[in-house]
Amino acid sequence: MKFLHPSPKSSARGITILRVVFGVLIMVHGIQKLMAGHAAFAASVAAMGVQKPEIVAWLLIAGEVGLGLLLVLGALTRVAGFLAAIMFAGIWFVTEAGKPLLTDKAGVTAELLIIYAAISVAFVFLGPGALSVDRKLAKQTAGPRR
């Protein structure tokens with residue numbers, strides 16, 4: 001019956017696994033854009049009608065790589081989750097707003113963006129889990145227990 005009621009320690013480990021995998025996936029998106037070339041990505045952003053595509057392209061690359069790294073490390077996890085949720089909501093707004101959620105194609109329109117935004121918001125509430133910079137710093141600032 002313990003399986004049905006995981007301990008806080010077990011839950012913290014599960015959150016850590018999710019945080020690290022999610023952070024790596026976000027970073028990979030940013031690294032792919034960077035390796036393909038900023039100009040190519042900026043051109044695709046411009047094709048969507050976004051103003052200042054060069055700046056927006058750099059912000060997205062920096063957001064994906066930087067926020068992904070923060071999540072992998074578990075540093076500023078709640079802030080990184082909040083900013084990532086805003087980033088993914090913005091991407092959804094620019095690329096998918098106005099499209100029907102269900103179409104004749106398999107899956108849900110923009111389901112990856114929806115999942116990424118939901119996971120990002122979850123980290124705002126869940127925090128970093130175990131094995132994180134945030135947890136390490138919290139233990140150091142708390143001082144020794146009596």
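A brief structural summary.

About the criteria used
- Residue indices follow the written sequence of each chain, beginning from 1 at its first position.
- Residue-level local features of this predicted model are given only where pLDDT is at least 70; pairs of side-chain atoms are given and counted only at 80 or more, and the full residue set underlies all totals for whole chains, interfaces and linings.
- To obtain the side-chain values, all non-hydrogen atoms of the structure were used and water was disregarded.
- Any Lys or Arg side-chain nitrogen located within 4 Å of an Asp or Glu carboxyl oxygen qualifies as a salt bridge.
- The helix count covers DSSP runs of H or I at least four residues long, the strand count covers runs of E at least two residues long, and both are numbered beginning at the N terminus.
- Note on terminology: a nonpolar core comprises buried Ala, Val, Leu, Ile, Met, Phe, Trp, Tyr and Cys residues joined through side-chain atoms within 4.5 Å.
- Only protein chains enter the accessibility calculation, which uses a 1.4 Å probe; a residue whose area is less than 20% of its type maximum is buried, one above 50% is exposed, and one in between is partly exposed.
- The angle between two axes is taken between their N-to-C directions and runs from 0 to 180 degrees, where each axis is a line fitted to C-alpha atoms and a helix contributes only its stretch in contact.
- Orientation categories follow fixed angle ranges, with anything under 35 degrees roughly parallel, anything over 145 roughly antiparallel, 65 to 115 roughly perpendicular, and all other angles oblique.
- Should the near helix be turned anticlockwise from the far one by less than a right angle, the crossing is left-handed, and should it be turned clockwise, the crossing is right-handed.
- Residues count as neighbours in contact if any of their non-hydrogen atoms are within 4.5 Å of one another.
- Lys, Arg, Asp and Glu make up the charged group, whereas Ala, Val, Leu, Ile, Met, Phe, Trp, Tyr, Cys and Pro make up the nonpolar group; the residues left over, Gly among them, are polar.

## Description of the pattern of salt bridges
Close approach of charged atoms allows side chains with opposite charge to pair.
Step number 1: Under the definition given, this model contains 1 salt bridge.
Step number 2: With a shortest N-O distance of 3.0 Å, glutamate 64 and lysine 33 are connected by a salt bridge. Pair noted here: glutamate 64 is in helix α3 (residues 53-73) and lysine 33 is in helix α1 (residues 8-36), with a separation of 31 residues, a long-range link.

## Focus: the nonpolar core
It is characteristic of soluble globular proteins that their nonpolar side chains tend to be buried jointly.
Step number 1: One finds Phe22, Phe41, Leu71, Met87, Phe88, Ile91 and Phe123 to be the most contacted residues of the largest nonpolar core, which totals 22 residues.
Step number 2: Sorting the residues of this core by element identifies α1, α2 (38-47), α3, α4 (77-95) and α5 (111-126) as the ones contributing at least two each.

## Brief notes about unusual backbone geometry
Step number 1: Look at leucine 76: it is not a glycine, yet its phi comes out positive at around 55°.
Step number 2: Along the chain, the position of leucine 76 falls in the loop between α3 and α4.

## Here we look at the packing of α2 against α3
Step number 1: Viewed as axis vectors pointing N to C, α2 and α3 meet at an angle of 115°, and their least axial separation amounts to 8 Å. In terms of orientation, α2 lies roughly perpendicular with respect to α3. Relative to α3, the crossing made by α2 is right-handed. Here His38, Phe41, Ala42, Val45 and Ala46 of α2 come into contact with α3, specifically with Pro53, Glu54, Val56, Ala57, Trp58, Leu60 and Ile61.
Step number 2: Its residues assigned to classes, the contact of α2 with α3 shows 10 nonpolar, 1 polar and 1 charged.

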